[in-house]
Amino acid sequence: MEQELLDDAADVAAECVELDEAEVWASSAQILFRPVGPSGVVVMPASRALAAARACPDRGAAAVVAASISAYGPSLERRRAARLLEELIGSGEPLPGWIGEIGDVTPRRAALLTDDWGDERSVWIDFERSDGEVRGLGVSVNGSQGAYACHFVYGPPIEAIEGPFAKQPHAVMRPLGLADARAIVEAALQRRDRTDIGYDDEDGWDHELRALVGHRVALLPDGGTRAPGALTDEEIDSLCEEFVDVAEDTMPDEAESVAGAVCGFAQAWRDGDPLCWSPNRVEHFLRVWIPAKSVCDDEWHDVVEWVFPRWLRFAAQRRGLATELLEMNLEAARESFADMRLNAADPAMRSPAANIATEMLDDGIDITDEAMVQEWIDRYSTRPRHERW
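The text that follows walks through the structure, step by step, so that each part is easy to find. (Residues numbered from 1 in each chain as written. Predicted model: local features only at pLDDT ≥ 70, side-chain atom pairs only at ≥ 80, totals over all residues. Heavy atoms only, no water.)

Bringing the side chain of Asp-273 into the picture now. If you trace the backbone, Asp-273 turns up in the loop between α10 (252–269) and α11 (279–293). Reaching out from Asp-273, the side chain makes a polar contact with the backbone nitrogen of Leu-275 at a distance of 3.0 Å. (Helix = DSSP H or I, 4+ residues; strand = E, 2+ residues; numbered from the N terminus. Polar contact = N/O pair within 3.5 Å; in protein donor to acceptor, adjacent residues only side chain to side chain.)

Right, here's the structure in full:
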């Protein structure tokens, strides 16, 4: 495995002339040394790669490996890699001209790219290289995708993207302090690294750039403020109580039930903000969350259709959302109610837990009777695997 890494590094040393290309390779090489997902599996310790590089007769390949680990490798191995790189540079051997410039950048400015609803969010940060060239780094922290970091982009600076971005409907770009950029992206990176979903990356680009993103963000100043995040349990209780009080034309238990579903959706599948709604978020709540997570019947759907638009108005008033944007949310809700009912009747659209609960109710089980529920579960567990959800 060490030899395969050095062979690849030899090709980079011989063929790569662009610093940007070398930066991406150096970052992607860290896949070998980084824990992947919650399991924390490491393919190969960086110390083994450095030992192999020190013994490698191809000084160019050794220098590429050392440079990549010194910039983007595990923190405990960076100094050791930097010392090896320094030795190799001082040896007089012919090395790539960019070998000492990997990771040598200075942060310059940042911007937040979002929409009028504050739902879709990306942070863009400009860094100046040692040769004076500016390269941008884009990180999506979309509220509509669990607020974990994804869709990394390396290369285009803010100046190159602000014109095309401004032409998109409902697009908003505003300056962002470097400390705030760090706080937002670091929180999103932590969520990514805690969950397998952060590694659901079809082309592998996010995975390859993960080390570079972490390195760049660590160069930003501390002390920033994160974007709106999950509310505490106390804040959620207070918000739901307020909604029940203002939703005077609804039954208190109905208002409380829908408010609970809304907050559960925000916490489990979004960024934890039950007051942030866009047409996309509305559609996902009604067409996916309600069918997947609720044991639905016509009465419950009637309640959702009656109460949820009131929550949208309540949230809009609390956030100061423009009337035009609220109307687009309400229209998305009206267009989604039929799909909500249709999907709720489709076992393929429901979660296993929702399917089990539905089947239990169909069998006449009183879910408040613990003994009856346990007896049903015991019978269910004896079924062949293909007959269980």
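With that settled, the discussion passes to empty space enclosed by the protein. If you walk through the whole model with that rule in mind, you get one cavity of 30 Å³ or more. Taken as a whole, the largest cavity spans an internal volume of roughly 40 Å³. Lining the largest cavity are Leu-275, Cys-276, Trp-277, Leu-312, Ala-315, Ala-316, Arg-319, Leu-321, Leu-326 and Asn-329. Broken down by secondary-structure element, the contributors of at least two residues to the lining of the largest cavity are α12 (298–319) and α13 (323–344). Ranked by residues supplied to the lining of the largest cavity, first place goes to α12 with four residues. Considered class by class, the residues forming the lining of the largest cavity number eight nonpolar, one polar and one charged. (1 Å grid on protein atoms, 1.4 Å probe; cavity = no way out; pocket = protein on both sides within 12 Å on 5 of 7 lines; lining within 4 Å. Points joined across faces, edges and corners; volume = space filled by probe spheres on them. Nonpolar A, V, L, I, M, F, W, Y, C, P; charged D, E, K, R; others polar.)

This brings us to the sheet that holds strand β3 (residues 134–140). Taking strand neighbours across the sheet as the criterion, the five strands line up as β4-β3-β2-β1-β5 in an open arrangement whose pairing is antiparallel. Both outer strands of the open sheet, β4 (150–155) and β5 (171–176), are each paired with one neighbouring strand and no more. Shown here is a sheet whose adjacent strand axes are inclined to one another by a mean of 20°, direction ignored. Direction of pairing for strand β1 (residues 105–115) relative to strand β2 (residues 121–129): antiparallel, over a ladder of nine bridges. Counterpart to Thr-114 in the pairing with β2 is Arg-121. Where helix α6 (residues 158–166) meets the sheet, it contacts β1, β2 and β5, and its direction lies at approximately 10° from that of β1. (Pairing = 2+ DSSP bridges. Axes fitted to C-alpha atoms, helices over the stretch in contact; angles between N-to-C directions. Contact = heavy atoms within 4.5 Å.)

Of note, the phi angle at His-151 is positive, near 55°, even though the residue is not glycine. For His-151, the location among the structural elements is in strand β4. What makes His-151 partly exposed here is its relative accessible area of 47%. (Buried < 20%, exposed > 50% of the residue type's maximum accessible area, 1.4 Å probe, protein only.)

Across all of its chains, the model carries 26 salt bridges by this definition. A salt bridge links Glu-23 to Arg-216; the shortest N-O distance between them is 3.3 Å. On the criterion of sequence distance, the pair formed by Glu-23 in helix α2 (residues 19–28) and Arg-216 in helix α8 (residues 205–218) is long-range, its members being 193 residues apart. You'll find Glu-23 and Arg-216 in the same group, each marked buried. Residues Arg-54 and Glu-87 are paired through a salt bridge, measuring 3.0 Å at the closest nitrogen-oxygen approach. (Salt bridge = Lys/Arg side-chain N within 4 Å of Asp/Glu carboxyl O.)

Quick look at the packing of α2 against helix α4 (residues 59–72) now. Running from N to C, α2 and α4 cross one another at 75°; their axes reach a closest spacing of 9 Å. In this view, α2 runs roughly perpendicular relative to α4, as classed from their interaxial angle. Contacts from Glu-23, Trp-25, Ala-26 and Ser-27 in α2 reach Val-64, Ser-68 and Tyr-72 in α4. (Parallel < 35°, antiparallel > 145°, perpendicular 65-115°, else oblique.)

Turning our attention to the nonpolar core. Membership of the largest hydrophobic core comes to 61 residues, with the highest contact counts inside it found for Trp-98 and Ile-102. Of the residues forming this core, the biggest block, ten residues, is contributed by α4. Ignoring any residue separated from it by four or fewer positions in sequence, one finds Trp-98 in contact with Val-12, Cys-16, Val-17, Leu-19, Ala-22 and Val-64. Membership of the second largest hydrophobic core comes to 38 residues, among which are Ala-255, Trp-289, Phe-308 and Met-340. (Core = buried A, V, L, I, M, F, W, Y, C linked by side-chain atoms within 4.5 Å.)

For the rest of this paragraph, the subject is the packing of helix α3 (residues 46–55) against α4. In the contact formed by α3 and α4, the axes pass within 8 Å of each other and the chain directions differ by 150°. Here α4 runs roughly antiparallel to α3, going by the angle between their axes. The handedness of the crossing between α3 and α4 is left-handed. Mapping the contact onto sequence places Ala-46, Ala-49, Leu-50, Ala-53, Arg-54 and Ala-55 in α3 and Arg-59, Ala-62, Val-65, Ala-66 and Ile-69 in α4. (Left-handed = near helix turned anticlockwise from the far one by under 90°.)

Moving on to α12. Over its 22 residues, α12 runs 31 Å from end to end, which matches the ideal 32 Å to within 8%, given 1.5 Å per residue. The sharpest bend along α12 reaches about 30° and sits at Val-307, with the proline Pro-309 one to four residues further on. Looking at α12, one finds that the buried residues are Trp-300, His-301, Val-303, Val-304, Val-307, Phe-308, Pro-309, Trp-311, Leu-312, Phe-314, Ala-315 and Ala-316. The inward-facing, buried residues of α12 abut α9 (233–246), α10, α11 and α13. One or two steps after α12, the chain reaches Gly-320, where phi turns positive at roughly 70°. (Expected span 1.5 Å × (residues − 1). Bend = angle between axes of the 7 residues up to and from the residue.)

With that out of the way, let us pick up the pairing of β1. Counting buried residues in β1 gives eight out of eleven residues, a clear majority hidden from the surface. Count of turn residues in the β1/β2 antiparallel hairpin: five residues, of which Gly-118 carries a positive phi of about 75°. Summarising the sheet, β1 and β5 pair through six bridges and their orientation is antiparallel. Across the sheet, Leu-113 pairs through a bridge with Met-173, a residue of β5.

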